[in-house]
Amino acid sequence: MKQTLIIANWKMNGSILANSKLLTGMLKFSNTANTELVICPPFPYLHQVKEYIVGSNIKLGAQNVNENNSGSYTGEVSADMLKEFYCRYVLVGHSERRSLFQESNGIIAKKITQAMDAGLTPVLCIGESLAQREKGDAQSVILEQLSCVINDIGLKKFKSVVIAYEPIWAIGTGQTASPEQAQKVHRMIRQYIYGLDPILSKNISILYGGSVNEINAAELIKQKDIDGFLVGGASLKPDSIETICKLKI
Ligand code: PGA
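Residues numbered from 1 in each chain as written. Predicted model: local features only at pLDDT ≥ 70, side-chain atom pairs only at ≥ 80, totals over all residues. Heavy atoms only, no water.

## Describing the site of the ligand
As a structural note, the neighbourhood of the ligand is formed by 13 residues, with Lys11, His94, Glu166, Gly172 and Ser211 the closest of them. Backbone polar atom of Gly233 to an oxygen atom of the ligand: 2.8 Å apart, as the coordinates give it. Coverage of the ligand by the protein chains reaches 95% of its 280 Å² of free accessible surface. Considering only residue class, the shell around the ligand consists of four nonpolar, seven polar and two charged. (Near = heavy atom within 4 Å. Polar contact = N/O pair within 3.5 Å; in protein donor to acceptor, adjacent residues only side chain to side chain. Areas by Shrake-Rupley, 256 points an atom, 1.4 Å probe, with all protein chains shown as cover. Nonpolar A, V, L, I, M, F, W, Y, C, P; charged D, E, K, R; others polar.)

## Side note on the pattern of salt bridges
Inspection of the entire model under this criterion finds 15 salt bridges. A salt bridge links Lys2 to Asp227; its shortest N-O distance comes to 3.6 Å. With Lys2 in the segment before strand E1 (5-9) and Asp227 in the loop between helix H11 (217-221) and strand E8 (228-231), this residue pair connects regions lying 225 residues apart in the sequence. Here Asp197 and Lys159 are joined by a salt bridge, their closest N and O atoms 3.3 Å apart. (Salt bridge = Lys/Arg side-chain N within 4 Å of Asp/Glu carboxyl O. Helix = DSSP H or I, 4+ residues; strand = E, 2+ residues; numbered from the N terminus.)

## Looking at the packing of helix H1 (residues 16-30) against helix H12 (residues 238-245)
Between two packed helices, the angle of one axis relative to the other and the distance separating the axes together describe the packing. Where H1 contacts H12, the axes come no closer than 9 Å and their chain directions differ by 25 degrees. The angle between H1 and H12 falls in the class roughly parallel. As H1 runs across H12, the sense of the crossing is right-handed. In contact with Leu22, Met26 and Phe29 of H1, H12 contributes Pro238, Ile241, Glu242 and Cys245. Per-class residue counts for the contact of H1 with H12 are six nonpolar, no polar and one charged. (Axes fitted to C-alpha atoms, helices over the stretch in contact; angles between N-to-C directions. Parallel < 35°, antiparallel > 145°, perpendicular 65-115°, else oblique. Left-handed = near helix turned anticlockwise from the far one by under 90°. Contact = heavy atoms within 4.5 Å.)

## A look at the pairing of strand E4 (residues 89-92)
Going residue by residue along E4, you find Tyr89 and Leu91 tucked away on one face and Val90 and Val92 tucked away on the opposite face as well. For the segment spanning strand E3 (residues 59-62), helix H3 (residues 79-84) and E4, crossover handedness is right-handed. Inspection of the sheet shows E4 paired to strand E5 (residues 121-126) by four bridges, in the parallel sense. Each bridged residue has a counterpart across the sheet, and for Leu91 the counterpart in E5 is Val123. (Buried < 20%, exposed > 50% of the residue type's maximum accessible area, 1.4 Å probe, protein only. Right-handed = clockwise from strand over helix to strand, strands pointing away. Pairing = 2+ DSSP bridges.)

In structure tokens, the structure reads:
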């Protein structure tokens, strides 16, 4: 059975001192949690987090990766560099990157390839905006985001990808998708993958993200097609992330 995956996306938050406090709290419960916990700090703190989590069962991830291997890309970070810093996972195509940094599905596919070539597990973030949902376009947007990547990298490579469904209207807004709304989309994603590869549809992890917290997580995780969470704001609060990691599954 696949393990429930909880990914903490710290976004552009933290300081050496604040991280120390948070990590000390996380280490206290990490060995008793029944989920796999991954922390994605900002790049400058990868080493600090690695030093804390070494020997624990917490894993390290990054929030972004460049689509090129190396070279004149000022300010960017390659997949090989992340690997050297003990990252196992990397978020790709987060909606904030898609909208604020103009990342297209094509660039996202290249990032996934870079990540996989370096031995990292890419976490492909997909999701519709409120306007798209209200127009009835949520399904087509999500399937377009998925199919572009699958067509580009091929189904064989896609088998190692983790999917995170994050409706944009739920990110950082406190307005989470209801368990039924989230399940409906997760089911649709899994059925789409079933059409391509029935075994993969069972094995692939589909995480939910968007205002997940210690209160709503319990009902969300009961949904058949939700395999874990991508958590932003609540991952900065030790008590909240502890409750989420200790959910009864
Ligand atoms: P949130 O962020 O939990 O603060 O909504 C989730 C995300 O953006 O990954």
